[in-house]
Amino acid sequence: MKKQLISTGLLLLVLITIYSCKKGFEKLNIDPINILHTSADKLLAPTLVSSIWPGMTRNRSFNNELMQVTVSLSDGENTVFRYAFRASQSDYLWNAWYVQLTNFRDIDSLASRGDSMNTSYQGIARIGEAWLFSNLTDTYGDIPYTEALKGKEGNMQPAFDRQKDVYEGLFKKLEEANELLAKNQAIVVTSDPVYNGDISKWRKFGNSLYLRLLLRVSGKAEVAQQCQDKIKEIIQTPGRYPIMTSNDDCARILWNGGTSSTDPYTSPYVYNVRVQDFRSPAICSYFLDSLVSWTDPRFASGKPFGSGSIGSIGIAQASGGGWRGVESGYEPGKGEVKGCYFQSYDDKTSGGVWSLQQNPKTGIIMQYAEVQLIQAEAALKGWIGSNPKDHFYQGIASAINYWVAAFPEDTASAEFDLHLENLAAGGVVWNDTLSTERKMEMIQVQKYYALFLTDLQQWFEYRRTGYPNLHLSQLHGLQNGGVMPARLVYPVYVQSANPTSYKAAVAAQGPDQINTNIWWQKP
């Protein structure tokens, strides 16, 4: 009997213990550290930062090498500046940007629900999608779009959309964003590192991005008239489609963090790159020579606008005096001694030491100068009624002023007149008697400099227009037949993870090679 009572007591104790554990289990199982639920305002800032980082990283290591901004002094294999690089170069942007596209989609979804509904977050998220999807399709060509970002729904093998259809989808997203942002619903200021909650500027950026994308595909016969008409409508109806009107409207993140990834808004150039590695590529002679010949304020220290302006982009003087870059595409074993490179400099006005690596202005998404040069091309081609020269000059002035305050905001100043004299001395003179092709070249050369540090946009514009003239036939050390790569190949894992869709994409677009032109590209 005693044993039976003990057994019964033990059983009751076990049952009580189990009940007690079960009763408090849900409370004990809550993760006190990780966020289980979020909102649009908490997700926006990290998504924007994480979207800019990949473009900046590949701007430095890929775009700048292709487009003769920098040149790595190496006789090794797989050098980007010789147009020979590993297929694995493709993986990073694909992986990084699709992850952030999922976050933009989640922001849109979170801002579309009940009490959390906010049309501004919805509009910003759709602009974010248009921005990253356009970068992806301009890099790879046909990509998953309509069926993309549906992994939560079980679609792990999305079909690839033709690039024309992707662009049509992006135009629709930007139209929707414009209408949503027109409602001007307030957002949390601290959630927005780009415009600090200014919805009107987000709307301007969305429509300016719209102009970029319309112009990019405007050379295709099947959409040419549609693009031209829409460009005209956007530019001529600013009440309905406001666009950037000054450098205050530039889409960017001003880096204010330290050297840790946990600091707020830390540049990848500071966090991911050692100082000696950042300085290792030489400045290419192609990029440098024109700045020297124009006495460009972004480069020229003490002449004519000085004030430490060399520090604005941090270009170093060659040893022994003078300014000298390295020619890209040199033959192996015949590389020049490095002359100039991006380095630190003494900022006499603030008493600090800065460099391009530390410059807070490098987090660029889109600049006002690009918008002016888009309008210069549209005016040159007769799509809008304004004078292309006016947009051309404003584009030059705004591109310079982004880095160093050299002129008043408009171009009617003695300082800008002096710069025009320097441009003329360097062979840049706008004359109405010039051919349309020569004027187009002039616009694109200035756009090349205006797009400095803007993800892969220099490369995209070169493939669209063939400008600037990089003199590739004179670079005898190039590989790939001396041909500028037209795209990145699809990541290798896509072939095994999504074989049916991959094969269909290759059959539609052409061989999965770097020389297969994408839909909008100039032949």
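Residue numbers here run from 1 along each chain, matching the order of that chain's written sequence. Totals for whole chains, interfaces and linings use all residues, but because this is a predicted model, local features are given only for residues with pLDDT of at least 70 and pairs of side-chain atoms are given and counted only at 80 or more. Think of the side-chain values as coming from all heavy atoms in the structure, minus any hydrogens and water.

*Asks:* Please clarify how the packing of aromatic side chains should be interpreted in this entry.
*Replies:* Think of a pair of aromatic rings as described by two things: how far the centres are apart, and how the planes are tilted against each other in angle. In this scheme Phe, Tyr and Trp rings, the latter by its six-membered ring, pair at centre separations within 6.5 Å, and the angle between planes marks the pair as stacked below 30 degrees, edge-to-face above 60, and tilted otherwise. If you walk through the whole model with that rule in mind, you get 31 aromatic pairs. Ring centres 5.3 Å apart and planes at 70 degrees place the aromatic pair tryptophan 294 and tyrosine 449 in the edge-to-face group. Note that tryptophan 294 is positioned in the loop between helix H10 (285-293) and strand S6 (345-347) and tyrosine 449 in helix H14 (residues 436-450), a separation of 155 residues in sequence. For the exposure calls, accessible area comes from a 1.4 Å probe over protein chains only, and a residue counts as buried if that area is under 20% of its type's maximum, exposed if over 50%, partly exposed in between. Given the relative accessible area of 2%, tryptophan 294 is considered buried. Each ring, one from tyrosine 490 and one from tyrosine 502, has its centre 6.0 Å from the other, and the planes form 80 degrees; the classification is edge-to-face. Highlighted residues: tyrosine 490 in the loop between helix H15 (457-465) and helix H16 (492-497) and tyrosine 502 in helix H17 (residues 499-509), separated in sequence by twelve residues. The exposure class assigned to tyrosine 502 is buried, which follows from its relative accessible area of 12%. Comment: the charge-over-ring label is applied if NZ (Lys) or CZ (Arg) is within 6 Å of the ring centre and within 35 degrees of the ring normal. The lysine or arginine in question, arginine 216, covers the ring of tryptophan 520, its NZ or CZ lying 5.9 Å from the ring centre. Secondary structure is summarised from DSSP: a helix means a run of H or I of at least four residues, a strand means a run of E of at least two, and numbering begins at the N terminus for each.

*Asks:* What am I meant to see in the nonpolar core here?
*Replies:* Generally speaking, a soluble globular protein has its nonpolar side chains buried in company with each other. The biggest cluster of nonpolar side chains holds 141 residues, and the ones touching the most others in it are Trp202, Phe205, Leu209, Phe392, Trp459 and Met484. Within this scheme, the nonpolar core is defined by two criteria: the residues are buried Ala, Val, Leu, Ile, Met, Phe, Trp, Tyr or Cys, and they are joined through side-chain atoms within 4.5 Å. Counting residues in each nonpolar core, the second largest holds five residues, with Val71, Phe81, Ala282 and Tyr330 among its members.

*Asks:* What am I meant to see in the pattern of salt bridges here?
*Replies:* Think of it this way: side chains of opposite charge can pair up when their charged atoms draw near. We define a salt bridge as a side-chain nitrogen of Lys or Arg found within 4 Å of a carboxyl oxygen belonging to Asp or Glu. Scanning all chains against the criterion turns up 25 salt bridges. Ionic contacts of the salt-bridge type, sharing partners, join the residues Asp138, Arg216, Glu377, Lys381, Lys447, Glu461 and Arg464 into one network.

*Asks:* How should the packing of helix H4 (residues 119-140) against helix H5 (residues 163-181) be read in this particular structure?
*Replies:* To describe two helices that pack against each other, one gives the angle between their axes and the distance between the axes. Interhelical geometry of H4 versus H5 gives an angle of 160 degrees and a closest axis separation of 8 Å. The orientation of H4 relative to H5 falls into the category roughly antiparallel. The element H4 and its partner H5 pack so that their crossing is left-handed. Note on residue classes: Ala, Val, Leu, Ile, Met, Phe, Trp, Tyr, Cys and Pro are nonpolar, Asp, Glu, Lys and Arg are charged, and everything else, Gly too, is polar. In terms of residue class, the contact of H4 with H5 is made up of eleven nonpolar, seven polar and five charged. Here an angle of 0 to 180 degrees is reported between the N-to-C directions of two axes, which are lines fitted to C-alpha atoms, with helices fitted over the stretch in contact. When an angle is under 35 degrees it counts as roughly parallel; over 145 it counts as roughly antiparallel; between 65 and 115 it counts as roughly perpendicular; any other value is oblique. The crossing is said to be left-handed when, going from far helix to near helix, the turn is anticlockwise and less than a right angle, and right-handed when the turn is clockwise.

*Asks:* Which parts of the structure should I look at to understand the side chain of asparagine 64?
*Replies:* Relative to the assigned elements, asparagine 64 resides in helix H2 (residues 40-66). Whether two residues are in contact is decided by their heavy atoms: any pair within 4.5 Å suffices. The residues contacting asparagine 64, other than those within four sequence positions of it, are Asn59, Val69, Thr70, Leu453 and Gln458.

*Asks:* Is there a simple way to think about the layout of surface pockets in this case?
*Replies:* Empty pockets left among the atoms are what a rolling probe the size of a water molecule brings to light. Computed over the protein atoms alone on a 1 Å grid, cavities are sets of points where a 1.4 Å probe fits but cannot get out and pockets are open sets with protein on both sides within 12 Å along at least five of seven lines; a residue lines them when it has an atom within 4 Å of a point. Grid points are joined across faces, edges and corners, and a volume is the space filled by probe spheres set on the points. Within this model, the largest pocket holds a volume of roughly 570 Å³. As for the largest pocket, its lining consists of 22 residues, of which Tyr98, Leu149, Gly151, Asn155 and Pro158 are closest to the centre. Here the lining of the largest pocket takes six residues from helix H3 (residues 91-110), the largest share from any one element.

*Asks:* Help me out: how do you make sense of helix H7 (residues 224-236) in this one?
*Replies:* An α-helix turns once every 3.6 residues. As a result, residues three or four positions apart point the same way. To estimate how far a helix should extend, the number of its residues minus one is multiplied by 1.5 Å. With 13 residues, H7 should reach 18 Å at 1.5 Å per residue; the first-to-last C-alpha distance of 18 Å fits that figure. For H7, the full list of buried residues reads Ala224, Cys227, Gln228, Lys230, Ile231, Ile234 and Ile235. For H7, the angular spread of buried residues about the axis comes to 165 degrees, placing them on one side. On its buried face, H7 is in contact with H5, helix H6 (199-217) and helix H11 (368-380). As used here, the arc belongs to the directions running from the helix axis to the C-beta atoms.

*Asks:* Explain the environment of phenylalanine 287 here, please?
*Replies:* Structurally, phenylalanine 287 is set in helix H10. Residues phenylalanine 287 and asparagine 64, 223 residues apart in the sequence, show an inter-C-alpha distance of 9.8 Å. Look past the residues within four positions of phenylalanine 287 in its chain and what remains in contact with it is Gln68, Val69, Tyr448, Tyr449 and Phe452.

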